[in-house]
Amino acid sequence: GKKIKPKIDKITEACRSDFFISAQLDDGQWLNFYFRLGPPSRVLISKVLPGVLASLLLIIIITNLTLSRITSPLQQLSRGAKKVGRGETYFIPASGPQDVKQTIIAFNDMQEKLNRFIKDRTHLMAAISHDLRTPITVMRLRLELFEQSDDKTKLLETLDEMESITVASLN
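Residues numbered from 1 in each chain as written. Predicted model: local features only at pLDDT ≥ 70, side-chain atom pairs only at ≥ 80, totals over all residues. Heavy atoms only, no water.

### What to know about the nonpolar core
One recurring pattern in soluble globular proteins: nonpolar side chains tend to sit buried together. Ranked by size, the top nonpolar core spans seven residues in total: Leu-77, Val-84, Tyr-90, Ile-92, Val-100, Ile-104 and Phe-107. Where this core is concerned, the elements lending two or more residues are α2 (42-85) and α3 (98-144). By residue number, the principal contributor to this core is α3, which donates three residues. Setting aside anything within four residues of it in sequence, one finds Tyr-90 in contact with Gln-76, Arg-79, Gly-80, Lys-83, Phe-107, Asn-108 and Gln-111. (Core = buried A, V, L, I, M, F, W, Y, C linked by side-chain atoms within 4.5 Å. Buried < 20%, exposed > 50% of the residue type's maximum accessible area, 1.4 Å probe, protein only. Helix = DSSP H or I, 4+ residues; strand = E, 2+ residues; numbered from the N terminus. Contact = heavy atoms within 4.5 Å.)

### Comments concerning the side chain of Lys-152
Following the sequence through the fold, Lys-152 ends up in helix α4 (residues 150-168). At 4.3 Å, Glu-144 is the nearest oppositely charged side chain to Lys-152, a buried residue that forms no salt bridge. One polar contact links the side chain of Lys-152 to the main-chain carbonyl oxygen of Phe-146, over a distance of 3.0 Å. Sequence-distant contacts of Lys-152, defined by excluding residues within four places in its chain, comprise Leu-143, Glu-144, Phe-146 and Glu-147. (Lys, Arg positive; Asp, Glu negative; His and termini not counted. Salt bridge = Lys/Arg side-chain N within 4 Å of Asp/Glu carboxyl O. Polar contact = N/O pair within 3.5 Å; in protein donor to acceptor, adjacent residues only side chain to side chain.)

### Details of the packing of α2 against α3
Close contact between α2 and α3 brings their axes to 10 Å; oriented N to C, the two are set at 15°. Of the possible angle classes, the one that applies to α2 and α3 is roughly parallel. Like other packed secondary-structure pairs, α2 and α3 cross with a definite hand, here left-handed. Residue-level inspection shows Pro-73, Leu-74, Leu-77, Gly-80, Ala-81 and Val-84 of α2 in contact with α3, the latter providing Val-100, Thr-103, Ile-104, Phe-107, Gln-111 and Leu-114. Taken together, the residues that form the contact of α2 with α3 break down as nine nonpolar, three polar and no charged. (Axes fitted to C-alpha atoms, helices over the stretch in contact; angles between N-to-C directions. Parallel < 35°, antiparallel > 145°, perpendicular 65-115°, else oblique. Left-handed = near helix turned anticlockwise from the far one by under 90°. Nonpolar A, V, L, I, M, F, W, Y, C, P; charged D, E, K, R; others polar.)

### Notes on a nonpolar patch on the surface
The grouping of Leu-44, Ile-45, Val-48, Leu-49, Val-52, Leu-53, Leu-56 and Ile-59 at the surface amounts to a nonpolar patch, some 690 Å² of accessible area in total. Tracing the chain through its elements places Ile-45 in helix α2. Since its relative accessible area comes to 45%, Ile-45 is described here as partly exposed. (Patch = residues over 30% accessible without salt bridge, like charges linked within 9 Å, V, L, I, M, F, W, Y side chains within 5 Å. Areas by Shrake-Rupley, 256 points an atom, 1.4 Å probe, with all protein chains shown as cover.)

Structure (structure tokens):
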């Protein structure tokens, strides 16, 4: 009759793997390797596998923490750049690795210099605008004394243009 294989033999057969590796050498000949692997041992499964899985889990956690430590300040820097681009002020606390900290410090310094430049420009434009309004007003008053003519009309239009430019420079 027929022999009945125990259940363990069926598992062993299912776990067997054949590996065949073939490589061509410089002289044109082939080098072939054939491996037949049996099922993993109980020691491997019970002792080594849990350690490997725990190590992989630990590596994943450490990698995730490291990446978030690096990417979080960079994400803040990106948000800050967008806000500054819209004209808002956005101070970023320096954190993360040293090179990221230096980048954030440089960003904050640049932002401060830009704000100072804009404030100085606004004050300068206000001063120029104020200084130009006086001669424009004087010229307008003198023109009012002239008789009506095409030249008077053109000069008044030019003064209106100058005043509009002066007002627009403040905005």
